[in-house]
Structures are given as C-alpha cells and as structure tokens.
There are 2 protein chains.
Amino acid sequence: MAKRRKTSVPQSEVPAVRGNLLSDKALRTKEAPISYLMAVALARPELISLAAGFVDNETLPTQDAAEVFHEILSDPAAGRAALQYGTTAGYLPLRQLLLDRFCRREAVSAADLNLSVDDLIVTSGSQQLLYLISSVLVNPGDIVITARPTYFVYGGVLQVFGASVAGIDVDDEGIRADLLDRRLAELDAAGQLGRVKILYFCSYFDNPTGLTVSAARRREIMDVVTRWRQKQRFYVLEDAAYRDLAVDAAGDLPSLKTLDPRNELVILAQTFSKPLAPGLKTGYGFLPKSLIGPVLDQKGSHDFGSANLCQHFIYRMLTSGRADRHIEKLRAAYRAKRDAMLSALAEHFADLVGSGVSWTRPGGGLYVWLTLPEGIDTGFGGSLFQRCLEGGVLYVPGNCCFAEEPGVEAPRNHMRLSFGVPSVEENRLGIQRLSQAVHEELR
Amino acid sequence: MAKRRKTSVPQSEVPAVRGNLLSDKALRTKEAPISYLMAVALARPELISLAAGFVDNETLPTQDAAEVFHEILSDPAAGRAALQYGTTAGYLPLRQLLLDRFCRREAVSAADLNLSVDDLIVTSGSQQLLYLISSVLVNPGDIVITARPTYFVYGGVLQVFGASVAGIDVDDEGIRADLLDRRLAELDAAGQLGRVKILYFCSYFDNPTGLTVSAARRREIMDVVTRWRQKQRFYVLEDAAYRDLAVDAAGDLPSLKTLDPRNELVILAQTFSKPLAPGLKTGYGFLPKSLIGPVLDQKGSHDFGSANLCQHFIYRMLTSGRADRHIEKLRAAYRAKRDAMLSALAEHFADLVGSGVSWTRPGGGLYVWLTLPEGIDTGFGGSLFQRCLEGGVLYVPGNCCFAEEPGVEAPRNHMRLSFGVPSVEENRLGIQRLSQAVHEELR
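**Details of the overall build of chain A**
Of the regular secondary structure elements, chain A holds 16 helices and 14 strands. Relative to the compact-globule value of 22 Å for 443 residues, chain A shows a C-alpha radius of gyration of 22 Å, a close match. For chain A, the C-alpha atoms occupy an extent of roughly 65 × 55 × 55 Å along the three principal directions. Across the 443 residues that make up chain A, the buried fraction comes to 56%. Considering only contacts within chain A whose residues lie at least 6 apart along the sequence, 77% involve residues at least 24 apart.

In structure tokens, the structure reads:
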C-alpha cells in the first residue's frame, strides 16, 4: 500500500505541497511501518501471517448478528431509532449497561468509584478514544510515558501530537514501577515534570508482549502515580482491549480503574472489536470527570457520535446473552490456538533456550513476544525477515513496537507473533517455518 | 446537556485542570452553542422543533435494511467479511462503485478528471472528512474562507484548529465570487495570502441558507480560485451533503469537482447520513492526489478505518437498486414538507414581506433561511426566542451560523428553519406559531 500511494502522487508535486501547505501535524506524521507488512500480506496471500492482529475469522458471530439485526429492523420503531442520529457520547442504554456490567465484574458499586453513566463515552473503536485523550492533553513537546515495548499504533498517535515518548521497561509482571518512579524523579530534576501528561500501557494480555500487569504491580504503579500526581496531575491511560480474551481459568484481575476511587486519574479504554467484531468499530471508555467535557467537545468536531446502528446492535447482543455466550466460544478457540503456538515454540525452539531464545506465555489476548539472541536483526531490512518471507511466514519485527526516543536505540532481536488469525494447524506450521529460518540465521 | 455536563464537573477542579494540563487545542474548543438547543428539545418534547437538522424519521429504510442485513449475514463468508476489520481508506468495492456512480451522474470518465479509486476515502460521516482535511492543512492562525453564514459544526472544527475565518457574503446564487476575489486581494496586500488554506462552502441546498450555488457562479468561483492559486495553493472544500435531497425537477448541477480536471484542488465531501441513514455514520470524499497520503495517515491514527459493516451494508443497498428507490421516496416526502413550510410562510408572513421579512425557497435539502427586520434579535438571549419557546416552537438563531470573525458583528435577525423532522402538519403549525411570536415581537 505504501508503494501504491507513493507512485500515485506526482513526485514533482510532493515537496512543494509538503513544504508549503500542510499543517505541522501532517508534517510530523509518518506512514505507519505496518503498512509495509500489510502490503506484503496482501500481495502474497500464501504466506502464513503471524503478523496480523486481526481476530479469528471463523469465530465472527454471523448467526447472532443475523438474529439481532432481524430483531431490531423488523420492529419499525426500534429500527428507526437505530438508523437515526445518536448522541455524541453514545447510546444511553448501552452506556448504562456497560457501567452495570463493569460494576458487576469488578464487584463494586458505581458510587464506590465516583462513576456515573455520564463518565462513559462510546467511540469509534478504542483507537479513537486513545486519539481523543491524547488530543485534549498533549501539546507538541509534552511527555507521554509508555511501556517499552508498546502498542505501535498508539505510537503513531503520539507522533501526530508531537509527544515526546519516555519508555519504561517491562518485566514479567508488566511495566516496572521502580523504573517509573526513577524516571519521574529524573524528569522532575530536569524541570520536565510539568510536561508529563499521560502514562499509557495495556493492562491485560499486552500488545505486543502478551503480558498482564500483576495485581501487586497494579498497586505499586498506582502508588507511584498518586505520589507524583501531587506535583503534576497526569493521567493513567489503561488500555484493556484484550481483557475479554482471557483463555486460562486463572481469572480476571481488577482493573486499575478500581484503584481510582475518586474517578480522577485513570482512563479505562475498552473495545468490542476483539470480543465481538472489528467491523463494528465500536469501543468505549470510562473517563475521569475532568476529561469528559473536553473529550466530548473534541468528539463533537470529529463526528458528533459513532455509528448509532452498531451501538444498538451491541446493546442487544449484550442484553440477549448472545455476547457472553459468544465470548465463551471465542476463548475456547483462542485457547486452542495459543496452545498450538506455545507447544510449537517449545518443540521447535527447545534447542535454543539456552542460547538467548525465550518467549512469553500469555494467559489470553492474541500475542506472544519472542526474544532471539542479541545480534540477530529481526527488522524489515535484515536477512532473517527475508528468510522468513522465502520460508513462507510473516511476523512483526519487534523494533516496530518501540517508540522513537531521543538517544535510545530500539532493540532489534524481538518479534511479535500473533496466534489469532492462523488456524491451529497454521500456527504449528508457521512456528516450524520460523524456527527453520532462525536456525539457518544462527548457523 | 450543557447543564448536566457543567454540574457533573466539580467546579473547584476545573480551573486548575484547564489552566495546567489541557492541550491548546482543548482550550480553544468551546462547547457548541447547539448543545443548548438540544438540551431544550430533550427537556420539552412537546415543542415543534424547526431546529433539528435530523432526517425524517418515518422515511428511514428499516425494511430495506432488514433485507440487506439478512442477505449479508445469512452468507457466512459475506457476513464474516463485513464483521472483520476493513482498511483505512474503506471497502474497495464500495469505493469503486461510488466512483462509477459519480462518473455516470456527472457524465464524465474518471480519466477526464484524473480520478482513480485511490482518490476516494470512506469516513465516519462527512464530518470526519471535514475534520481530517482541516487537520492536515490548518495550523493555528491559518485562514479558512467560508460562506457567510456557514455550516456551524464546521465552524467548531475550525475553532479546534485555531483557524482564522474569513467570511464571504452570499447572494441567491451562492458565495459571491467578486467578494472572494476582493478578499484574496486584501489578504495578499496584507501579506496574509500564504496563510489561506481552504475555501469551504455547501454547493447544494446549503446548510443553513438552503441555497444552491448556480452553474455560472461555480465557474466564476473556480476562475477566481485558479487565478489566485498560482500564488497560494489552497484547496476548495465542496460540501455536497444535501445533493441527493433535490426535490424539484430542475435537475442536478455538475459539482465543482468536475471543474478540476487535474484533480488537484477540489475536495468533494458527501455522506450517506442524509440519503440513507444517519445511524450508519458513513460519508466519503474525492480528494486531490496530493492530499490522499496525508489524510490516510491521519485517519490511521484516528481509527484505521470506519465501521466496515456499515460499508458492506451500503454497498449492497446501492448494488441492489434499493438505495436509488429509497432516495426517490425520500424526495417525495421532503417535497411535501418543503411545500408545507413554504406555503405556511407565504400565508403567515405575507403581511410582513414589505417590512423586511424574506425567506429562501430551496430546491431541496432541509433548510429555509428566514430574515426578519433588522433590530429584531433572534438569539437565545432575546425576547423572540423566549416567546417562541412559550408558543411551542424551536428554531436555530441565525447568529449561530456566523463564524467568529475579528471586528465583524454577526447579524442577529435571521433564523435557520428545518422542515425535515416535523410532519407536514407540524411544519404548518410550527410556522403559524413562529409567525404569531414574530408578530407579537414587532407589535
């Protein structure tokens, strides 16, 4: 796609336009590196893609959707309500239901967390919420602290707003609270604390590492944040996009949002793209009261409300119990795929475990993070990526998941592997091909 | 709504947050004045609203939608494709179809206008396209030229980006080309020409005036633009949201896009909200080649593509012929409403025609622009608005439709009246109530 776009713009015209006319925001924005991967995947459909973060095609709820749309549209009043304009904040009964479900899941009352239905908004996927939050908080040069590695599409948003990214390393329990504390102290010492606006990370089955932030770590992070927030009132942006895709019985952890009893510091972002269907492009968020007005004002200028029809559909998927039954099926499907990938990794990389090869063992979500010996370059330009293309397997180079930071070199020996799209068999075969390429590379 | 939002934010917290933490963009953005109207309408459903720009509820295509969703979702492959992720630019078969339909309607070939399917993008309503275009072109302090009055929601977008608005008066043929030329010359003389980025107006059945830019005026505008564009390469943003809602037989005029044979200067924005259903929140645009890359990069950071399911639905509404049949029905429904409002105006305002009262006679769309004698204040704070509330009718004060311009006072003696939502009978009754209030005010 990158290719096509470039060739379709007359080359003589680009520099003049870029130089003259485009906004600073447009000039800051680079094409996402992932476009290259998508172009490769489209051009060579025979490849097994362990790259795409799409959801499993077979599990998409066509039958449920057929029934629910029939229910809505065969009732003229309900049908018209769904086809008419909605409100900027989203369909009120859906927002009320989402609040109720959240409270039930977390075993809290809305009052415990100073939450009301007015603190929820529905967005065009959780991506739009990430954009809106950044839009109301970040001026060029402001600082956003993220996990390191991090969700790369959010890295693109930060580029749009000219944010300076401060990455904090993760361990098996998630983003490290001690390093966060140290970094905030360094920023304070450098007179930069006032520029810190957001701390962003995925709290469940992280994209790209697959790791979940442990219960203890959640509390440690909130302790650090609460302490520093007396000097600079930044927000925690908790991305819980994968929360519903737990595949192990271990059970659900309370969200960081539950550790914010005054509803003043955590934004919780969620989506229906993963647990229901990406084609709905519907997400939602719980926002601190101080941000609701500014975010709604921005959303008003974007689109004055996300597709109302999709919101009515989701409401009925939830109230009819279909959504919960569907999520159970999804979990079983992803469990089989996750197991296939992990057992294939254990089988085909066993001999390299002593030589710097390791991988995460996610309890859900879509991703495994594979680490190869230092010195191996997994990037697009490296020989391993080419070997894998020739061998018929595609992955996301780990360096795509590190935001640009001044003076920090992104490590190049990682990969993000997604088990969501390929079948069980393709997961096995994909890892086998990957292993062969890695073994050749190490020879 | 304005009310609720304000009371839900602890007052003590607001100034500190506003002052400290929010981005410049958030600080520039004011709550849309229209929120007050929506709050009134919600609180007092017994009022006849000639204010809402919603579409006629009765005509929403529930039966067609039921059939099309059944068609898509009863075929597992088609259903999965619609429920899966799409692409940032939008569903390719839909974009191809929209290009073909555009060419047929305009009686041109795509090559005549240097257009290809890559120059089309699907957005979350045409509103998102207006936002994206402004986002890639406008830095704070840049100049956007608009008709005067203008679509007020776009005024909100311009506020977000800190644009300086230069309004050009309109006459019965639309935005005046001679005044546009003069304004550009003044800006040039003041050394400000380099800040001009966009010329924006509605070309068909304008919001708020109901006026269509005449064929001759289209050519005059393009002549002026082409001449000045040799010094400053700004773009024409042609908002054709109401084009499909023509109710007179007079026929369709060629869009300004057809006067841009090299596809380098006109952005044509369209939507399915008016001709199909607002609940789909789907619009689209034809873009100059130089803007496609930058706009897609921004859209990638917003949402990486609008709801795919809605796009698959629209594609089948179009290919099955249902959309065209539906639009014919819509036109008949709006014709009856337009006629009811115009004949009620003729009846109830006849005695005031000699005393400075006049109104537009739109050939389509949703709006009539009513002018009252100078000195009458139609604003929220004025006595006429209160009288109308008491009399049971709601309108949009004309001053909401004038962007803030330094040194320019918005006239306060206009109203935007919408005939789209009320029934034929309510249109008549609404105008009767309005007339009574105006007569009392003039007494």
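Following the structure, the description resumes.
**Brief notes about the interface of chain A and chain B**
With 74 residues of chain A at the contact, the number on the chain B side is 74 residues. Considering every element that reaches the side of chain A that touches chain B, the biggest residue donor is helix H12 (residues 289–302) of chain A, with 10 residues.

**Looking at the environment of Thr360 of chain B**
Residue and element names in this part refer to chain B. Mapped onto the secondary structure, Thr360 falls in the loop between strand E10 (358–359) and strand E11 (367–371). Judged by C-beta crowding, with 19 C-beta atoms within 10 Å, Thr360 ranks as partly exposed. For the pair Thr360 and Thr271, spaced 89 residues apart in the sequence, the C-alpha separation amounts to 24 Å. With near-sequence residues (within four places) excluded, Thr360 lies in contact with Thr209, Gly210, Leu211, Val368 and Trp369.

**Looking at the domain arrangement of chain A**
Residues and elements named next belong to chain A. Under the domain assignment used here, chain A contains domain 1 (2–53 + 326–442) and domain 2 (63–320). Measuring from the centre of the C-alpha atoms in domain 1 to the corresponding centre in domain 2 gives 25 Å. In this assembly, 32 residues from domain 1 lie in contact with 31 residues from domain 2. At the level of secondary structure, the elements contributing two or more residues to the side of domain 1 that touches domain 2 comprise helix H3 (24–28), helix H14 (322–348) and strand E11 (367–371). When residues of the side of domain 1 that touches domain 2 are assigned to their parent elements, the largest contribution, 7 residues, is made by H14. In the side of domain 1 that touches domain 2, the residues fall into 15 nonpolar, 8 polar and 9 charged.

**Regarding the relation of the copies chain A and chain B**
Rotating chain A by 180° and translating it 0.0 Å along the rotation axis places it on chain B, where the RMSD comes to 0.0 Å. Considering both components of the superposition, the chain copies are consistent with a two-fold axis. The fraction of interface residues of chain A whose copies in chain B are also interface residues reaches 100%, indicating that both copies meet through the same surface.

**Regarding the sheet that holds strand E5 (residues 174–175) of chain B**
Taken in spatial order, the 8 strands of this open sheet run E2-E9-E8-E7-E6-E3-E4-E5 (chain B), and their pairing is mixed. Strand pairing shows two members of the sheet lacking a second neighbour, strand E2 (120–123) and E5 of chain B, which therefore form its edges.

**Thoughts on the pairing of strand E14 (residues 414–418) of chain A**
Looking along a regular strand, one sees the side chains alternate between the two faces of the sheet. All names here are of chain A. Summarising burial for E14: 5 of the 5 residues are buried, a large majority. Every second residue of E14 is oriented toward a common face, with His414, Arg416 and Ser418 on one face and Met415 and Leu417 on the other, all of them buried. In this sheet, E14 lies alongside E11 in antiparallel orientation, the contact comprising 5 bridges. Bridged to Leu370 within E14 is Met415. Relative to E14, strand E13 (residues 396–397) runs antiparallel, the two sharing 2 bridges. Counted as the bridge partner of Val396 is Arg416 from E14.

**Description of the packing of helix H5 (residues 62–73) of chain A against helix H13 (residues 308–319) of chain A**
Residues and elements named next belong to chain A. One way to put it is that H5 packs onto H13 with a least axis distance of 10 Å and a crossing angle of 110°. The angle between H5 and H13 falls in the class roughly perpendicular. Judged by the twist between their axes, the crossing of H5 over H13 is right-handed. Contacts between H5 and H13 involve Asp64, Val68, Phe69, Glu71 and Ile72 from the first element and His312, Phe313, Arg316 and Met317 from the second. Residues that form the contact of H5 with H13 fall into these classes: 5 nonpolar, 1 polar and 3 charged.

**Focus: H12 of chain A**
For H12 of chain A, built from 14 residues, the straight-helix expectation of 20 Å at 1.5 Å per residue is met to within 8% by its first-to-last C-alpha distance of 21 Å. Across the 14 residues that make up H12 of chain A, a large majority, 14, are buried.

**A closer look at the sheet that holds strand E2 (residues 120–123) of chain A**
Residues and elements named next belong to chain A. Taking strand neighbours across the sheet as the criterion, the 8 strands line up as E2-E9-E8-E7-E6-E3-E4-E5 in an open arrangement whose pairing is mixed. Strand pairing shows two members of the sheet lacking a second neighbour, E2 and strand E5 (174–175), which therefore form its edges. Across 5 bridges, strand E6 (residues 196–202) lies against strand E7 (residues 235–239) in parallel orientation. Across the sheet, the residue bridging to Tyr200 is Leu237, located in E7. Lying over the sheet, helix H10 (residues 177–189) contacts strand E3 (143–148), strand E4 (164–171), E5 and E6, oriented at roughly 155° with respect to E4.

**Thoughts on the environment of Leu280 of chain B**
Relative to the assigned elements, Leu280 of chain B resides in the loop between strand E8 (266–271) and strand E9 (283–286). As for Leu280 of chain B and Ser124 of chain B, which are separated by 156 residues in sequence, their C-alpha atoms are 8.4 Å apart. If we ignore the near neighbours within four places in the chain, the residues touching Leu280 of chain B are Ala307 and Leu309 of chain A together with Phe272, Cys310, Phe313 and Ile314 of chain B.

**Considering helix H6 (residues 76–83) of chain A**
Since the α-helix turns once every 3.6 residues, residues separated by three or four places project in the same direction. Of all the residues in H6 of chain A, the buried ones are Gly79, Arg80, Ala82 and Leu83 of chain A. For H6 of chain A, the arc enclosing every buried residue in end-on projection is 165°, short of the 170-degree limit, so these residues lie on one face. At its buried positions, H6 of chain A is contacted by H5 and H13 of chain A together with helix H5 (62–73) of chain B.

**What about unusual backbone geometry?**
Most of the time, phi is negative for any residue but glycine, and the peptide bond is trans. The amide bond that connects Arg148 of chain A to the next residue, Pro149 of chain A, takes the cis arrangement and shows omega of 5°. As for its placement among the helices and strands, Pro149 of chain A is situated in the loop between E3 and helix H9 (152–160). Although it is not a glycine, Asn263 of chain B sits at a positive phi angle of roughly 50°. By secondary structure assignment, the location of Asn263 of chain B is in the loop between strand E7 (235–239) and E8.

**Observations concerning the packing of H10 of chain A against helix H11 (residues 215–228) of chain A**
Residue and element names in this part refer to chain A. Put simply, H10 and H11 touch, their axes get as near as 9 Å, and they point 15° apart. As judged from the angle between their axes, H10 and H11 are roughly parallel. The handedness of the crossing between H10 and H11 is right-handed. In this structure, H10 contributes Ala177, Leu180, Asp181 and Leu184 to the contact, and H11 contributes Arg217, Glu220, Ile221, Val224 and Trp228.

**Overview of the environment of Phe313 of chain A**
Residues and elements named next belong to chain A. Inspection of the secondary structure puts Phe313 in helix H13. For the pair Phe313 and Ala65, spaced 248 residues apart in sequence, the C-alpha to C-alpha distance is 7.9 Å. For Phe313, the residues in contact, after removing those within four places along its chain, are Val68, Phe69, Ile72 and Leu280.

**Notes on the confidence of the model for chain A**
Residues and elements named next belong to chain A. In this model, chain A carries an average pLDDT of 93, and 95% of its residues clear a pLDDT of 70 or more. Predicted confidence is poor over residues 1–19, with pLDDT under 50, and the contacts of this stretch with residues over four places away or in other chains come to 23 contacts. In the predicted assembly, ipTM is 0.93 and pTM is 0.94.

Rules behind the numbers
Residues numbered from 1 in each chain as written. Chains lettered and ligands numbered in written order. Predicted model: local features only at pLDDT ≥ 70, side-chain atom pairs only at ≥ 80, totals over all residues. Helix = DSSP H or I, 4+ residues; strand = E, 2+ residues; numbered from the N terminus. Rg over C-alpha atoms; globule rule 2.2 N^0.38 Å. Buried ≥ 20, exposed ≤ 12 C-beta atoms within 10 Å, placed from the backbone. Contact = placed C-beta atoms within 7 Å. Domains from an automatic or database assignment. Nonpolar A, V, L, I, M, F, W, Y, C, P; charged D, E, K, R; others polar. Least-squares fit on C-alpha atoms with pLDDT ≥ 70 in both. Pairing = 2+ DSSP bridges. Axes fitted to C-alpha atoms, helices over the stretch in contact; angles between N-to-C directions. Parallel < 35°, antiparallel > 145°, perpendicular 65-115°, else oblique. Left-handed = near helix turned anticlockwise from the far one by under 90°. Expected span 1.5 Å × (residues − 1). Arc of directions from axis to C-beta. pLDDT = per-residue confidence, 0-100.

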